[in-house]
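Secondary and tertiary structure notes
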Amino acid sequence: MLKLAVYGKGGIGKSTISSNLSAAFSTLGKRVIQIGCDPKADSTINLLGGEPVMPVMDYLRANLDPPESIGEIAKEGFGGVLCIETGGPTPGLGCAGRGIIATFDILEDLRLFETWKPDVVIYDVLGDVVCGGFAAPIRGEYARHVLIVTSGEKMALYAANNINTAVENFKDRSYAQVMGLILNRRNVVGEVEKVEAFAEERGLSIVGTIPRSDDITICEEDGKTVIEGNPDSEVSQTFIDLACRLLEAECEDVG
């Protein structure tokens, strides 16, 4: 099973990349679960035609008892991708990281992975926070690999460095390790060279480069991933190629 946690600076495009990767894996015949770990609960919306799934934390606030089935807190989206959102606390009250932990406890109680038997699990994690509950997705029993999304912008690289350092500090706890960077192009001056230099200095690889594309924006306005909305586009093929490389890397790692 390929288990990925996607981190990066807030607004860098993690949810777009996560949902398009989920869609790409599904077109390759894989059984996929995407879990959004952000109080905004918008990670999976473009896999669901713009109709969001009820976040787990919202369910818990509305019901006295925890869910008895996965169907109460999940929806199948494009390509059969199972979509789950942790959600978060009432604004101003509580810690969003605790919402992630509570959600993961429920998913364990419902034996999600044993019963659904996914080939790929993607955790789309809030911003560049890698502490407390936000570190939960990279525990050994959840994600195996971390993908860091960055552009060539200064603050995106700053966040990427913090995430890489934090994950390195978890190395001795059998947590996930960084698989590589995904360059989400913003077309800043010298972008590729900046990210390549950043990666080389830290011994990281750039596993994929996503071009800046109006096709993505147009499809998201219709509540779709570009894989669904424009499967023949160049950027759709880029996501499919990246999904293939990630699967191959996992096979080599396990082998």
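Here, every reference points to the structure presented above.
In short, a report on the structure. (Residues numbered from 1 in each chain as written. Predicted model: local features only at pLDDT ≥ 70, side-chain atom pairs only at ≥ 80, totals over all residues. Heavy atoms only, no water.)

Concerning the sheet that holds strand β6 (residues 145-150)
Under the convention used in this document: Whether two strands pair comes down to DSSP finding at least two bridges between them. Helix and strand definitions follow DSSP, with helices as H or I runs of at least four residues and strands as E runs of at least two, each counted in order from the N terminus. Residues are treated as being in contact if the distance between any of their heavy atoms lies within 4.5 Å. Only the contacting stretch of a helix is used when fitting its axis, a line to C-alpha atoms as for every element, and angles between N-to-C directions run 0 to 180 degrees.
With mixed pairing, the 8 strands of this open sheet are ordered in space as β3-β4-β2-β5-β1-β6-β7-β8. What marks the edges here is a single partner per strand, and that holds for β3 (75-76) and β8 (206-210). Contacts from helix α5 (residues 154-169) reach β1 (2-8), β6 and β7 (177-184) within the one sheet, and its direction differs from that of β6 by about 165 degrees. Contacts from helix α6 (residues 191-202) reach β6, β7 and β8, with the element oriented near 170 degrees to β7.

A look at the state of the cysteines
Quick note on the threshold: Any two cysteine sulfur atoms lying within 2.5 Å of each other are counted as a disulfide. Burial status follows relative accessibility: with a 1.4 Å probe on protein chains alone, a residue under 20% of its type maximum counts as buried, one over 50% as exposed, and anything between as partly exposed.
With the rule as written, the count across this model stands at 0 disulfides. Of the cysteine sulfurs around C83, a residue in no disulfide, the closest is that of C37, at 13 Å. You can call C83 buried: its relative accessible area is 0%.

A few points about the pairing of strand β2 (residues 32-37)
With 6 of its 6 residues buried, β2 lies for the most part within the structure. Going residue by residue along β2, you find V32, Q34 and G36 tucked away on one face and I33, I35 and C37 tucked away on the opposite face as well. In terms of strand pairing, β2 meets strand β5 (residues 120-125) through 6 bridges, oriented parallel. When the sheet's bridge partners are listed, G36 is paired in β5 with D124. Relative to strand β4 (residues 82-85), β2 runs parallel, the two being bridged by 4 bridges. Bridge assignment links G36 to a residue of β4, and that residue is E85.

Overview of a negative patch on the surface
The test is simple: Like-charged residues are merged into a patch within 9 Å and nonpolar side chains (Val, Leu, Ile, Met, Phe, Trp, Tyr) within 5 Å, provided each residue has over 30% relative accessible area and no salt bridge. We get accessible surface area from the Shrake-Rupley algorithm with a probe of 1.4 Å; when it comes to residues, only the shown protein chains can shield them. Salt bridge, as used here, is a side-chain nitrogen of Lys or Arg placed within 4 Å of a carboxyl oxygen of Asp or Glu. A residue counts as positive if it is Lys or Arg and as negative if it is Asp or Glu; His and the chain ends are not included. Where a charge lies is defined by one atom per residue type, namely NZ (Lys), CZ (Arg), CG (Asp) and CD (Glu).
A cluster of like negative charges, contributed by D105, E108, D109, E114 and E141, occupies part of the molecular surface. Residue contributions to the negative patch peak at 3 residues, all from helix α3 (residues 96-109). Among the structural elements, E141 can be located in the loop between β5 and β6. What makes E141 partly exposed here is its relative accessible area of 47%.

A short note on the side chain of S22
Checked against the element boundaries, S22 lands in helix α1 (residues 14-27). Using a relative accessible area of 0% as the deciding quantity, one classes S22 as buried. In contact with S22, not counting residues within four places along its chain, are V32, Q34, L47, V81 and I122.

With respect to the packing of aromatic side chains
Formally: Between 30 and 60 degrees the pair is tilted, below 30 it is stacked and above 60 it is edge-to-face, where a pair is any two Phe, Tyr or Trp rings, Trp via its six-membered ring, whose centres lie within 6.5 Å. Charge-over-ring contacts are defined here by two conditions on Lys NZ or Arg CZ: a distance within 6 Å of the ring centre and an angle within 35 degrees of the ring normal.
Inspection of every chain in the model, using the stated rule, returns 4 aromatic pairs. An aromatic cluster is present here, built from F104, Y123 and Y142 joined pairwise through their rings. The ring of W116 has R31 lying over it, and the distance from NZ or CZ to the ring centre is 3.7 Å.

With respect to the nonpolar core
Just so we agree on the cut-off: The set of buried Ala, Val, Leu, Ile, Met, Phe, Trp, Tyr and Cys residues whose side-chain atoms join them within 4.5 Å is what this entry labels a nonpolar core.
Of all hydrophobic cores here, the largest spans 46 residues; its most connected members are I35, I84, F104, Y123 and I138. Broken down by element, the residue count for this core peaks at 5 residues, all from α5. Discounting residues that sit within four places of it in the chain, I138 has contacts with A5, Y7, V130, A143, V146, V167, F170, Y175 and A176.

Some words on empty space enclosed by the protein
As a reminder of what qualifies: Think of a 1 Å grid over the protein atoms and nothing else: a 1.4 Å probe that fits but is trapped marks a cavity, an open set flanked by protein within 12 Å on at least five of seven lines marks a pocket, and residues with an atom within 4 Å of a point count as lining. Grid points are joined across faces, edges and corners, and a volume is the space filled by probe spheres set on the points. Under the convention adopted here, Pro, Cys and the residues Ala, Val, Leu, Ile, Met, Phe, Trp and Tyr are nonpolar, Asp, Glu, Lys and Arg are charged, and Gly plus all remaining residues are polar.
With the rule as written, the count across this model stands at 1 cavity of 30 Å³ or more. Computed from the structure, the largest cavity encloses a volume of approximately 30 Å³. Every residue lining the largest cavity is listed: I35, F104, L107, E108, F113, Y123 and Y142. In terms of residue class, the lining of the largest cavity is built from 6 nonpolar, no polar and 1 charged.

That's the geometry; what it means functionally is another story.
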